[in-house]
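Coordinate inspection notes
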Amino acid sequence: MSEERKVLLEVDHLKKYFDTPRGMLHAVDDVTFQIEEGKTLGVVGESGCGKSTLGRTILRLLPSTDGKIIFNGEDITHVDSSRMLALRRDMQIIFQDPFSSLDPKMTVSQIIEEPLKIHKIYKNKAERMERVKELMSIVGLDERYVMTYPHELDGGRRQRIGVARALALNPKFIICDEPVSALDVSIQAQILNLMMDLKDSMGLTYIFITHDLSVVKHISDDILVLYLGKMVEMTDSDTLFDKPLHPYTKALLTAIPVPDASYKGKEAEVMKGEVTSPIEPPPGCRFAARCPLASERCLKESPEFKEVEPNHFVACHLYD
Amino acid sequence: MSEKLLEIKDLSVRYTTDGVISRAVNHLNLDLDKGEVLGLVGETGAGKTTTALTILRLLPKYTSEVDGEVFFEGKDILKLSEKEVRDIRGQKISMIFQDPMTSLNPVYTVGEQIADVIRFHNDNMSKAAVEARVDEMLKLVGIPPQRKTEFPHQFSGGMKQRVMIAIALACNPELLIADEPTTALDVTIQAQVIKMMRNLQKELNTAVILITHDLGIVANFCDKVAIMYGGEIVESGTLEEVFDKSTIHHPYTIGLFGSLPNITERTSRLTPIMGLTPHPSELPEGCKFHPRCPQCMEVCKTGDNPPKIDNGGTHVIQCHLYAEKEA
């Protein structure tokens, strides 16, 4: 392999609990990983597994309960808001829903211009507008849309605005929270290609949060699978798809419908049950209730997340 | 087998809003046999849902024009009186909507909502018989009957969709229209619901029109496929014909497959369709797909629809590209 890359982001035993009337909700529970510069980490899981909360906690949009976030060598877990503001130049986010993440009262140019204004990057409006136009062409938005409002545009174009806004400050790192799941397939492919091109040309590092395994395989170097806030499995993208170890990962993979006529009528193994509540979870493996291979031990003892093969981490008693 | 259940002939639907005419469905032809499963595939604005709503006569008030014929069991649905349609709706043809969260009434229990359909179509059924049928339906979709006294908010998304399916199947319909039934669900739950629907379909021999944009689900579930674009069916045939990579296809179908990130092989780049789906109020002249088509020719840009090319069997492609082959 090539030379050691620099670690850009390190998340160390990160926890995010929400205090609800019914008890502590363990949204993110003890998550640890590193991302090297220029890599993409895919974070996969079903609704309620804590993937979006994880993204927001890393960006300090939500305060963490415990653990550390180290960005570019600096522990940012508890830095004050003025330092955080400066850091946000390097850390951006693209949201899932291009319909609700853009202010309906702002024009396209105002939306893209806003981060430039806040961070006072350019001296005057003319320079800022120059940059806005440049960004619009980078993301493939025609210049004639400068003065339009988000509601006049379709989902694909709106998501391009979200991308342009995230790129405005030349960040190093972007969290993409389901950026394509609200889009039609043909538009989804356009946005995915755009994001991959941008990554190459601007040297970006991504965390790509999604529930869609085929998308994540396409775009990620490494993949982290979450289940009810816990890390379940992490390895490089190819290994995860060729040789998944955790029963949950296996179930997720077989659940994807394959667009191939030879799969017709094939009885895939369908996982029973549904995701259990993340509020005051019982001890033991969180997946035990749905796991076809669960034993007594799984109900009592939480499995440790450890490396069972080189660069292949899994949390399951089967691999003890 | 092969008894014709539904036959749509030359159907066109127009909406008029604020003086803008949207051509939602254009000269659509479709037929479906008893017990057959058809996948209606297309993106937002392709006219899939409009087609479904026409079959149920549930088109919105701003519909300005409905042209053509929709034969269901030999009768033209478009010519029936509202009362006659009501007897068909929910009884012979029923529909599952995309969003189980908003399709159920939040102030009635799940059991009452299932019982409602049964009572509506069976006037003299005793209370006990209705309740028994409700229990039976719940069991069928894998929900313990004890939960019938609960309200929709007490159910998860997957469970709500099961309730919707129970309501839709309560009167043993001949035709079930499922409009993106699993789009709002997680993959593992989607797999459960699809498996259940497939088993029920086989058991009850209901014909199904499955509206979806997910070619994976189509491959799993359908016998026939129709690909829609701009309110038209651009390609149709059996599942095997449309998914056969060795034969000719409509450029839009090729584009759809190219847009999918493939789980079985890793590609460095996707090959998306360029441009955007046109709004039904701004459909281009000639072939509706020509501005986005990588193989567009002069002849595609003007005139009427491209010819329908018969590629053997039931495989039909509406495209100029293969026209010479015919002649």
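Because the structure is a prediction, the values reported are computed rather than measured. (Residues numbered from 1 in each chain as written. Chains lettered and ligands numbered in written order. Predicted model: local features only at pLDDT ≥ 70, side-chain atom pairs only at ≥ 80, totals over all residues. Heavy atoms only, no water.)

Brief notes about the packing of aromatic side chains
Taken as a whole and assessed by the stated rule, the structure comprises 10 aromatic pairs over all chains. Arranged with centres 4.6 Å apart and planes meeting at 55°, the rings of tyrosine 229 of chain B and tyrosine 252 of chain B form a pair that is tilted. Remark: tyrosine 252 of chain B occurs in helix α10 (residues 251–259) and tyrosine 229 of chain B occurs in strand β9 (residues 224–229); sequence separation between them is 23 residues. Here tyrosine 229 of chain B and tyrosine 252 of chain B have matching classes, each one buried. Ring centres 5.0 Å apart and planes at 90° place the aromatic pair phenylalanine 243 of chain B and phenylalanine 257 of chain B in the edge-to-face group. Placement of the pair is phenylalanine 243 of chain B in helix α9 (residues 239–243) and phenylalanine 257 of chain B in helix α10, with a sequence separation of 14 residues. These aromatic residues form a ring-pair network of at least three members: Tyr227, Tyr248 and Phe287 of chain A. A cation over a ring is seen here: lysine 16 of chain A above phenylalanine 18 of chain A, with NZ or CZ 4.9 Å from the ring centre. (Phe/Tyr/Trp six-rings, centres within 6.5 Å; stacked < 30°, edge-to-face > 60°. Helix = DSSP H or I, 4+ residues; strand = E, 2+ residues; numbered from the N terminus. Buried < 20%, exposed > 50% of the residue type's maximum accessible area, 1.4 Å probe, protein only. Lys NZ or Arg CZ within 6 Å of the ring centre and 35° of its normal.)

A word on the nonpolar core
If you look at the biggest cluster of nonpolar residues, it comprises 61 residues, and the most contacted ones within it are Ile96, Ile114, Ile165, Val225, Ile227, Phe243 and Tyr252 of chain B. Looking at this core element by element, the count peaks at eight residues for helix α6 (residues 157–169) of chain B. Setting aside its immediate chain neighbours within four residues, tyrosine 252 of chain B contacts Gly42, Glu43, Ile227, Met228, Tyr229, Val234, Ile273 and Phe289 of chain B. Core analysis: the second largest hydrophobic core is formed by 41 residues, Cys176, Val180, Met196 and Ile219 of chain A among them. (Core = buried A, V, L, I, M, F, W, Y, C linked by side-chain atoms within 4.5 Å. Contact = heavy atoms within 4.5 Å.)

What about the domain arrangement of chain A?
Residue and element names in this part refer to chain A. Here chain A is described as being made up of domain 1 (7–90 + 171–319) and domain 2 (100–170). Listed per partner, the contact involves 16 residues of domain 1 and 14 residues of domain 2. Taken together, both faces of the contact between domain 1 and domain 2 bury some 1,300 Å²; the carbon and sulfur share is 71%. Sorting the residues of domain 1 by area buried against domain 2 places Arg89, Pro171 and Leu194 first, and these three jointly supply 37% of that buried surface. Where domain 1 packs against domain 2, one counts zero salt bridges. It is helix α6 (residues 185–202) that provides the largest number of residues to the side of domain 1 that touches domain 2, a total of six residues. Per-class residue counts for the side of domain 1 that touches domain 2 are 11 nonpolar, one polar and four charged. (Domains from an automatic or database assignment. Buried area = accessible area lost by both parts, 1.4 Å probe. Salt bridge = Lys/Arg side-chain N within 4 Å of Asp/Glu carboxyl O. Nonpolar A, V, L, I, M, F, W, Y, C, P; charged D, E, K, R; others polar.)

Focus on the side chain of threonine 51 of chain B
Residues and elements named next belong to chain B. For threonine 51, the position within the fold is in helix α1 (residues 48–55). Within polar-contact distance, the side chain of threonine 51 engages the backbone oxygen of glycine 47 at 2.7 Å. For threonine 51, the contacting residues outside a window of four places in its chain are Ile8, Val25, Leu28, Leu40 and Met228. (Polar contact = N/O pair within 3.5 Å; in protein donor to acceptor, adjacent residues only side chain to side chain.)

Side note on the environment of aspartate 212 of chain A
Residues and elements named next belong to chain A. With respect to the secondary-structure elements, aspartate 212 resides in the loop between β8 (205–210) and α7 (213–219). The exposure class of aspartate 212 is partly exposed, given its relative accessible area of 24%. Between the C-alpha atom of aspartate 212 and that of tyrosine 319, which follows or precedes it by 107 residues, the distance is 26 Å.

Description of the sheet that holds strand β4 (residues 63–72) of chain B
All names here are of chain B. Across the sheet, which stays open at both edges, the four strands sit in the order β2-β1-β4-β5 with antiparallel pairing between neighbours. Among the strands making up the open sheet, the edge pair consists of β2 (20–33) and β5 (75–76). Pairing of β4 with β5, which is carried by two bridges, proceeds in the antiparallel orientation. Considered in β5, the bridge of phenylalanine 71 is made with aspartate 76. Against the sheet, α1 contacts β1 (4–17), β2 and β4, and its axis sits at roughly 115° relative to β1. (Pairing = 2+ DSSP bridges. Axes fitted to C-alpha atoms, helices over the stretch in contact; angles between N-to-C directions.)

Structural notes on the environment of leucine 116 of chain A
Residues and elements named next belong to chain A. Residue position: leucine 116 is located in helix α3 (residues 108–118). Measuring from C-alpha to C-alpha, the distance between leucine 116 and isoleucine 35 comes to 27 Å, with 81 residues separating the pair along the chain. In contact with leucine 116, other than residues within four places in its own chain, are Ile121, Tyr122, Arg128, Arg131, Val132, Ala168 and Leu169.

Focus on the confidence of the model for chain B
The pLDDT averaged across chain B works out to 90; a share of 96% of its residues lies at or above 70. Two numbers describe this predicted complex: its pTM, 0.84, and its ipTM, 0.78. (pLDDT = per-residue confidence, 0-100.)

Let's talk about α6 of chain A
Taking 1.5 Å per residue, 18 residues should reach 26 Å; α6 of chain A reaches 25 Å between its end C-alpha atoms and fits that length. A positive backbone phi angle near 60° is found at glycine 203 of chain A, which sits one or two residues after α6 of chain A. (Expected span 1.5 Å × (residues − 1).)

Some details on the interface of chain A and chain B
Taken together, the 43 residues of chain A in the interface contact 47 residues of chain B. Counting each side, the surface lost to burial between chain A and chain B is near 3,900 Å², with a carbon and sulfur contribution of 55%. Counting every contact that joins chain A to chain B gives zero salt bridges. The interface formed by chain A and chain B holds 10 residue pairs in polar contact (both at pLDDT 80 or more) in total. Breaking the side of chain A that touches chain B down by element, the ones donating at least two residues are α6, α7, α8 (237–242) and α9 (247–255) of chain A.

Some thoughts on unusual backbone geometry
Residue and element names in this part refer to chain A. A positive phi angle is found at asparagine 170, which is not glycine, with a value near 55°. Asparagine 170 gets classed as partly exposed once you look at its relative accessible area, which sits at 47%. Unlike most non-glycine residues, glutamate 178 shows phi in positive territory, near 50°. Its location among the elements puts glutamate 178 in the loop between β7 (173–177) and α6. Residue glutamate 178 is classed as buried on the basis of its relative accessible area, which comes to 6%.

Some thoughts on the packing of helix α5 (residues 155–167) of chain A against α6 of chain A
Residues and elements named next belong to chain A. Following both chains from N to C, one finds α5 and α6 inclined at 15°, their axes separated by 10 Å at the closest point. Taken together, the axis directions place α5 and α6 in an arrangement best described as roughly parallel. Considering the relative orientation of α5 and α6, their crossing is right-handed. On α6, the residues that touch Gly156, Gln159, Arg160, Val163 and Leu167 of α5 are Ile187, Gln190, Ile191, Leu194, Leu198 and Met202. Looking at side-chain class alone, the contact of α5 with α6 contains seven nonpolar, three polar and one charged residues. (Parallel < 35°, antiparallel > 145°, perpendicular 65-115°, else oblique. Left-handed = near helix turned anticlockwise from the far one by under 90°.)

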